[in-house]
Each structure stands twice: as structure tokens, then as C-alpha cells.
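A look at the structure
Okay, here's what each chain looks like letter by letter:
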Amino acid sequence: VLLQERAARRKVTIAFDGGGEPETVLLDPKHFALLAYLRYPDIFDAASDLAALQARSSFAEYVGRDECVEAHQDAASKDAFEAAAGEMFKRDHRSAHCRVSWHEDGDTLRAVATHGAPVSVLPVVGREGEEVIRFRRLEYAVLSYQASTGRLGIAGLRKGLRADLAEFFAAHILQRPGFFAGEDCQHLY
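Residues numbered from 1 in each chain as written. Predicted model: local features only at pLDDT ≥ 70, side-chain atom pairs only at ≥ 80, totals over all residues. Heavy atoms only, no water.

1. Considerations on the overall build of the protein chain
- Check the secondary structure of the protein chain and you find five helices and seven strands.
- Across its three principal axes, the protein chain shows a C-alpha extent of roughly 65 × 45 × 30 Å.
- Looking at the protein chain as a whole, 35% of its 189 residues are labelled buried.
- Taking all contacts inside the protein chain whose residues are at least 6 apart in sequence as the whole, residues at least 24 apart take part in 63%.
- When the accessible surface of the protein chain is summed, it comes to about 11,600 Å², and 50% of that surface belongs to carbon and sulfur atoms.
- Between the averaged position of the 23 positive side-chain charges in the protein chain and that of its 28 negative side-chain charges there is a distance of 3 Å. (Helix = DSSP H or I, 4+ residues; strand = E, 2+ residues; numbered from the N terminus. Buried < 20%, exposed > 50% of the residue type's maximum accessible area, 1.4 Å probe, protein only. Contact = heavy atoms within 4.5 Å. Areas by Shrake-Rupley, 256 points an atom, 1.4 Å probe, with all protein chains shown as cover. Lys, Arg positive; Asp, Glu negative; His and termini not counted. Charge placed at Lys NZ, Arg CZ, Asp CG, Glu CD.)

2. Structural notes on the pattern of salt bridges
- Taken as a whole, this structure holds eight salt bridges when the rule is applied.
- As a salt-bridge pair, R151 and E61 come within 3.7 Å of each other at their nearest N and O atoms. Note that R151 is positioned in strand β7 (residues 151-155) and E61 in strand β1 (residues 60-63), a separation of 90 residues in sequence.
- The exposure class assigned to R151 is partly exposed, which follows from its relative accessible area of 27%.
- Judged by relative accessible area, E61 falls into the partly exposed class, the value being 27%.
- One salt-bridge network, in which partners are shared between bridges, spans D45, D49 and R99. (Salt bridge = Lys/Arg side-chain N within 4 Å of Asp/Glu carboxyl O.)

3. Quick look at a nonpolar patch on the surface
- Taken together, the side chains of L34, Y37 and L38 make up a nonpolar region of the molecular surface, amounting to roughly 340 Å² of accessible area.
- As for its position among the elements, L34 is in helix α2 (residues 29-39).
- On the basis of relative accessibility, which here comes to 45%, the residue L34 falls in the partly exposed class. (Patch = residues over 30% accessible without salt bridge, like charges linked within 9 Å, V, L, I, M, F, W, Y side chains within 5 Å.)

4. Examining the sheet that holds β7
- In spatial order, the strands read β1-β7-β6-β3-β2; together these five strands make up an open sheet with antiparallel pairing. Looking at strand neighbours, the two that pair on one side only are β1 and β2 (98-105), the edges of this open sheet. Between one strand and the next, the sheet's axes are offset by a mean angle of 20 degrees, whatever the strand orientation.
- Relative to β7, strand β6 (residues 138-146) runs antiparallel, the two sharing five bridges. Of the residues in β7, the one forming a bridge with Q146 is R151.
- Strands β2, β3 (108-116) and β6 of the sheet are contacted by helix α4 (residues 75-91), whose axis makes an angle of about 135 degrees with β2.
- In this fold helix α5 (residues 159-173) packs onto β1, β2, β3, β6 and β7, with an angle of close to 135 degrees to the strand it touches most, β7. (Pairing = 2+ DSSP bridges. Axes fitted to C-alpha atoms, helices over the stretch in contact; angles between N-to-C directions.)

5. Digging into the packing of helix α1 (residues 2-9) against helix α3 (residues 41-55)
- Taken N-terminus to C-terminus, the directions of α1 and α3 make an angle of 130 degrees; their axes are 9 Å apart at the nearest point. With respect to their mutual orientation, α1 and α3 come out oblique. In this structure, the crossing between α1 and α3 has a hand that is right-handed. Together, L2, L3, R6 and A7 of α1 and I43, F44, A46, A47, L50, A51 and Q54 of α3 make up the contact between the two elements.
- Tallied by class, residues from the contact of α1 with α3 come to nine nonpolar, one polar and one charged. (Parallel < 35°, antiparallel > 145°, perpendicular 65-115°, else oblique. Left-handed = near helix turned anticlockwise from the far one by under 90°. Nonpolar A, V, L, I, M, F, W, Y, C, P; charged D, E, K, R; others polar.)

6. Observations regarding unusual backbone geometry
- Here C68, not a glycine, exhibits a phi torsion of approximately 60 degrees, which is positive.
- Mapped onto the fold, C68 is located in the loop between β1 and α4.
- Although it is not a glycine, Q175 adopts a positive phi angle of roughly 55 degrees.
- Tracing the chain through its elements places Q175 in the segment after α5.
- We classify Q175 as partly exposed; its relative accessible area is 43%.

Have a look at this one:
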């Protein structure tokens, strides 16, 4: 459904070419997703990001030093945040891959940072018999900043990396380094 909604917003119809057959071939959801991934990667990424936003319900919260601090959403600020997050993931041995998408909802700015997970090793049966493959899954860190309260929520990321990501957000998006670094920034309740 998310894929279809994202495609409709861009006035794109995702359909399998039946090779001249007069009727449209119905695809099961996994084949439909694969078709979208291969032919419409931007639509697939947008749907994937929205799914990550919807899946996160438990956020670690940081409160900023002030309320009503607006986010700077220019391309340079967003690119700088993405580059800093990418370096953090690279340093953490996850991967240098980092793609951030931004979503506004009233006075709340949400971001999904798609990044590589640590390397996984899996024994499989291959052409020559048993072999071991290495791969890196995608993971999603979700940020949610509400300007009116000065609160930033971070989900989908281990505790040791959250403070760094909060600082990158403060420095690049709010242009206020140390905004979430106060003694009580995480002692909200």
C-alpha cells in the first residue's frame, strides 16, 4: 500500500509488462516490491522511509536548551548532517552508506537515516557446495524534532551513537552546537 501511495503521488503506475498480454499480470506483494525496487528506486526508498517512520514507537528523548528553535532545512545543512552521520556510521564499522530523507509534519521535522548494519556472516549452499557469505543489511535510525518544545527523539540506534547523532542534528540542522548537551537534556521525567 505504501508503494502504491508513493507511486500515485508521483503519478507513476507500477505494473509488470506481460509481454503483450492484454490483461495486467497480478503480482504478489514481494514481487511488486521487487519490481518497484528495480524500476523505481526513488519511490521504493520513499516508501521504505515511511515504513521506518511508522514502525518506530519508542524514542530516546533529548530536550534542548530552548523552545521554538526552528530547523534550518536548506540543502547545505541537510548535506552536512548526512555527511556527519555517514562518518559516524563508518567509524562505528557499519558502513559509509548513509542516506537521509526529511519529512515535515506541522512543527515536527522527521528524518530517516538509512545506513548499513554491522556485517553478517551466513553459511549457505552455493554452486560449489557449502560456502559462507558476508552481507550488510540496511537499518533505519529515525529522528523526530518538535520545534515548539525543543525536543528531539531518536529511535532505531544503539545508545552509544544517539548522543553523537543528536549533536550532529544540533550543529547542522539547528545550527546550535551543544543544544542537546545540557546536564538534564535526557532527564525529562
